[in-house]
Amino acid sequence: MFLHFGILTYTGSWAQPNLDITQFNPTQLDPNQWADAAVSAGMKFGVLTTRHHDGFALWDSQVSTFDVGSIPWQGGKGDVVRAYVDAFRGHGLLPGLYYSVWDSTHPVGGTSTSDATPVTPDQLDYVKAQLTELLTNYGEIPLLIFDGWAWKMGHRQVPYQEIRALVKSLQPNCLMLDNSHLMSPWENDLAGVEEAQGNAFVPADNTFPAVQMQKINLSGGNDWFWAPDVGNIMVESVIVAGHLKRVEPLWGNFLLNCPPNRDGLLPPEIVSRLAEVGAAWAPDPNRPPLPPQPPQIDVAYDPTVATATSGQGFFAVDGKDDWYTYTVWESAGALPQAVTVDLGQERPDVSVLNYVPRYVAQMGPSTDGAITSYNVYVSTDNATFTMVTSGDWPANGLMKTAAFDPVAARYVRLEATAVSGTNAAATEIAVGAHR
């Protein structure tokens, strides 16, 4: 159960800054009602929007006054996050959290989609402080979904390496998923698909643990939040046959957004629909286990720059991905062609490289330019390079992994010796350590 709840339930529009947060007033707030409905549907976990793009925090944040601790509701003593995690745990459900890195009010990442103001050190400290509060004060959090990050400012302005290290230091078992609009787990623990963004489903060739997100209301609402015109609630057959039975065989979780209303309750029509789903569907106990996964980047090493034998090498490491536009390195001229990534300093245990092939705006992954044969080289001085692995990859749009024995390196080079099509292409390249 995805729970979009916040100031947009009451006023404003998507990502609008400086909203009148005193209008937030859920007089009947009851996350136990949310949890009852989730159990009736057979759901196993929830995800609550602790802070959306507008910056309004559903807990009393010590680094902000744009939160529930600064409004009349419950005398400034309210805490939606606490009520939610307690209710879901009390019902045997896992309490996941959502957090938008983009905050248009403070602002982190600018005040609008067209505002590309760089993130300052103070703003980064603010993000880290709020994440520390969420991951310190509410017990074990199994899943943290980020938004407004890769697609808004990229994983370099708000450095992925630092955020991942912080999350894993506070909650080692917490899975991280950024809404990057990549259907592969690049700089993520899971692959994520936002169905409402281009009507995308978990791809038929998926082999990764995945999450697919969609709204239960097919019309109305204030973006993903409740509004008086919420309507056209998905019928049971669309949820069960049209989604659960399609997503489950592909190792996907279906994260269905059920927005609470201004009273702080799920609307009756959503509650009744979820009960119908629970009566009609049960997990398939015969689903094959998740396929063996490649070595994961446990410790991420953010690149500072990348060069290429041709084309714009930095496009492969800028960490910026949006359904409406992707930055893609594309080579020119005869193969082999290569991208060399500079990690900024020598790292002692580089052992994994991830490669995401070309993505096409509003379409998704493409096989055009997919690297099918490769070499990986490392260097400490950018002069002498040593090959650490080579191999072949299938010509598909899935993220690829090259793993090798840990080695000290500052520079890591991915060389394409054969591709699908003419020119090599890379939407993202990531480097790190597997431990």
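See the structure printed just above.
> I'd like to hear about unusual backbone geometry, residue by residue, with values.
A negative phi angle is the norm for most residues apart from glycine, just as the trans form is the norm for most peptide bonds. Between His-106 and Pro-107 the backbone carries a cis peptide bond, its omega angle lying at -20 degrees. The omega torsion of the bond from Leu-335 to Pro-336 falls at 5 degrees, within 30 degrees of zero and hence cis. Relative to the assigned elements, Pro-336 resides in the loop between β15 (329-330) and β16 (337-356). In this structure, Glu-187 is a non-glycine residue whose phi angle is positive, near 50 degrees. Relative to the assigned elements, Glu-187 resides in the loop between β5 (175-178) and β6 (191-194). Its identity as a non-glycine residue notwithstanding, Asn-382 has a phi of 65 degrees, on the positive side. Tracing the backbone shows Asn-382 in the loop between β19 (371-379) and β20 (386-392). According to the relative accessible area criterion, Asn-382 is partly exposed, its value standing at 41%.

> Please set out the pattern of salt bridges residue by residue, giving values where relevant.
In this structure the tally under the stated criterion is twelve salt bridges. For Glu-162, the salt bridge goes to Lys-128, with nearest N and O atoms at 2.4 Å. Here Glu-162, found in helix α5 (residues 160-170), pairs with Lys-128, found in helix α3 (residues 121-136); they are 34 residues apart in sequence, far enough to count as distant. For Glu-162, a relative accessible area of 35% corresponds to the partly exposed category. Classification of Lys-128 by relative accessible area gives partly exposed; the value is 23%. Close ionic contact of Glu-276 with Arg-273 constitutes a salt bridge, the shortest N to O distance being 3.0 Å. Of this pair, Glu-276 and Arg-273 both sit in helix α7 (residues 268-280), separated by three residues, roughly a single helical turn. Note on Glu-276: relative accessible area 38%, which makes it partly exposed.

> With reference to specific residues and values, describe the environment of Glu-236.
Topologically, Glu-236 is positioned in helix α6 (residues 236-247). The partly exposed category is assigned to Glu-236, whose relative accessible area is 26%. Spatially, the C-alpha atoms of Glu-236 and Thr-27 are 30 Å apart, while their sequence positions differ by 209 residues. Other than its neighbours up to four places away in sequence, Glu-236 contacts Arg-273, Glu-276, Val-277 and Ala-280.

> Give me the lowdown on the packing of aromatic side chains, citing residues and values where you can.
Scanning the model with the defined rule gives 17 aromatic pairs in all. Between Trp-14 and Trp-151 the ring centres are 6.2 Å apart and the planes differ by 25 degrees, which places this aromatic pair in the stacked class. Here Trp-14 is found in the loop between β1 (2-3) and α1 (31-41), whereas its partner Trp-151 is found in the loop between β4 (143-147) and α4 (154-157), with 137 residues between them in sequence. The class for Trp-151 is buried, based on a relative accessible area of 11%. Directly above the aromatic system of Trp-102 lies the positively charged group of Lys-152, at a separation of 5.0 Å from the ring centroid. Its end group placed over the ring of Phe-201, Arg-246 keeps NZ or CZ at 3.7 Å from the ring centre.

Thresholds applied
- Numbering of residues starts from 1 in every chain and runs along the sequence as written.
- Owing to the predicted nature of the model, reporting of local features is limited to residues with pLDDT of at least 70; listing and counting of side-chain atom pairs is limited to 80 or more, with chain, interface and lining totals taken over all residues.
- As a convention, hydrogens and water are excluded, and side-chain values are obtained from all of the structure's heavy atoms.
- Only DSSP runs of H or I covering at least 4 residues are called helices, and only runs of E covering at least 2 are called strands; the numbering of each starts at the N terminus.
- Only protein chains enter the area calculation, which uses a 1.4 Å probe; residues under 20% of their type maximum are buried, those over 50% are exposed, and those in between are partly exposed.
- For this document, the term salt bridge refers to a Lys or Arg side-chain nitrogen within 4 Å of an Asp or Glu carboxyl oxygen.
- Contact criterion: two residues are considered in contact whenever any of their non-hydrogen atoms come within 4.5 Å of each other.
- Here a Phe, Tyr or Trp ring, Trp counted by its six-membered ring, pairs with any other such ring whose centre lies within 6.5 Å, and the pair is stacked when the planes are under 30 degrees apart, edge-to-face when over 60, and tilted otherwise.
- In this scheme, the term charge over a ring applies when either NZ of a lysine or CZ of an arginine sits within 6 Å of the ring centre and within 35 degrees of the ring normal.

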